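A structural walkthrough
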Amino acid sequence: MQDNLLSDEFFMRAALREATVAYEENEVPIGAVIVSNGKIIASEHNRTEQLCDVTAHAEILAITAAQMHLGAKFLTDCTLYITIEPCVMCAGAIKWGRLGRVVFGAPEAKFGFRAVSDKILHPKTELTTGILEEECAALMKSFFAKRR
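All figures in this text were calculated on a predicted structure; none of them were measured in a lab.

Along the backbone of the protein chain there are 5 helices and 5 strands. Reading the protein chain from its N end, one meets helices and strands in the order α-β-β-α-α-β-α-β-β-α. Here the protein chain has a C-alpha radius of gyration of 14 Å; the compact-globule value for 148 residues is 15 Å, and the two agree. Overall, the C-alpha framework of the protein chain stretches about 40 × 35 × 30 Å when taken along its three principal axes.

So, in structure tokens, the structure goes:
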């Protein structure tokens, strides 16, 4: 259990670095990495402003990159690390991509998928929450405080 927590924190820190890049680019600071066999195969952050695309969320971009990397549409042996709870759109993509595991840092009470239903993810997808929660939430709070 301790080893799993340490690796979860390691990969969540990589997602936090992506979120920081988003913050610096004036994007909502959410970062995502996808891990396969202990290695990061995709690393992304929100790019909705840059790409002028409301679907350019970190999770969607990372899923696409991981699928291209593996040459497969299903990511059953992969783990997605995301700094903030995914929205319903991203949870749907996670379901259809059949990710084996999802780990997120901080919950998102307004727009997170669990506000709608915790049954959106594929039934075989393992969900872990609260990894580096305070750090993930602090970046979001700082971003929105700066904008107001």
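After that view of the structure, there is still more to cover.
Let's shift gears to the UniProt feature "active site" (unreviewed entry) in the protein chain. UniProt feature "active site" (unreviewed entry): in the numbering of this structure it lies at Glu-59. Checked against the element boundaries, Glu-59 lands in helix H3 (residues 58-70). Of the residues examined, Glu-59 reaches a relative accessible area of 3% and is grouped as buried. Excluding residues within four positions of it along the chain, Glu-59 makes contact with Ala-32, Leu-80, Ile-82, Ile-84, Pro-86, Cys-87 and Cys-90.

Every α-helix carries 3.6 residues per turn, so stepping three or four residues along brings you back to the same face. For helix H5 (residues 133-147), which comprises 15 residues, the first-to-last C-alpha distance of 22 Å matches the rise-based estimate of 21 Å (1.5 Å per residue) to within 8%. Buried within H5 we find Cys-136, Ala-137, Leu-139, Met-140 and Phe-143. Seen along its axis, H5 keeps its buried residues to an arc of 155°; they face one direction. Set apart from the buried face of H5 by more than 90 degrees, the exposed residues are Glu-134, Lys-141 and Ala-145.

For the pair H3 and helix H4 (residues 88-97), the least separation of the axes is 9 Å and the interaxial angle reads 20°. Compared by their axis directions, H3 and H4 come out roughly parallel. Both H3 and H4 take part in a crossing whose hand is left-handed. Across from Glu-59, Ile-60, Ile-63 and Gln-67 in H3, the residues of H4 making contact are Met-89, Cys-90, Ala-93, Ile-94 and Gly-97. Classifying every residue of the contact of H3 with H4 by side-chain character gives 6 nonpolar, 2 polar and 1 charged.

Now for the side chain of Glu-27. Here Glu-27 lies in the loop between helix H1 (2-24) and strand E1 (31-36). In this structure Glu-27 is buried but unpaired, with Arg-47 as the nearest side chain of opposite charge at 7.2 Å. Within the structure, the side chain of Glu-27 is placed 3.0 Å from the backbone nitrogen of Glu-49, a separation counted as a polar contact. Those residues in contact with Glu-27 that sit more than four places away from it in its chain are Ala-22, Asn-46, Arg-47, Thr-48, Glu-49, Gln-50 and Phe-143.

Quick look at the pattern of salt bridges now. One pass over the structure, following the stated rule, counts 6 salt bridges. Between Asp-8 and Arg-101 there is a salt bridge whose closest N-O contact spans 2.8 Å. In this pair, Asp-8 sits in helix H1 while Arg-101 sits in strand E4 (residues 101-106), placing the two residues 93 residues apart along the sequence. Here Asp-8 matches Arg-101 in class, with each residue buried. Two residues, Arg-114 and Glu-85, come together in a salt bridge whose shortest N-O distance is 3.2 Å. Here Arg-114 is found in the loop between E4 and strand E5 (126-129), whereas its partner Glu-85 is found in the loop between strand E3 (78-84) and H4, with 29 residues between them in sequence.

Criteria and thresholds
- Residues numbered from 1 in each chain as written.
- Predicted model: local features only at pLDDT ≥ 70, side-chain atom pairs only at ≥ 80, totals over all residues.
- Heavy atoms only, no water.
- Helix = DSSP H or I, 4+ residues; strand = E, 2+ residues; numbered from the N terminus.
- Rg over C-alpha atoms; globule rule 2.2 N^0.38 Å.
- UniProt positions renumbered as here; feature names shortened; annotations may be inferred.
- Buried < 20%, exposed > 50% of the residue type's maximum accessible area, 1.4 Å probe, protein only.
- Contact = heavy atoms within 4.5 Å.
- Expected span 1.5 Å × (residues − 1).
- Arc of directions from axis to C-beta.
- Axes fitted to C-alpha atoms, helices over the stretch in contact; angles between N-to-C directions.
- Parallel < 35°, antiparallel > 145°, perpendicular 65-115°, else oblique.
- Left-handed = near helix turned anticlockwise from the far one by under 90°.
- Nonpolar A, V, L, I, M, F, W, Y, C, P; charged D, E, K, R; others polar.
- Lys, Arg positive; Asp, Glu negative; His and termini not counted.
- Salt bridge = Lys/Arg side-chain N within 4 Å of Asp/Glu carboxyl O.
- Polar contact = N/O pair within 3.5 Å; in protein donor to acceptor, adjacent residues only side chain to side chain.

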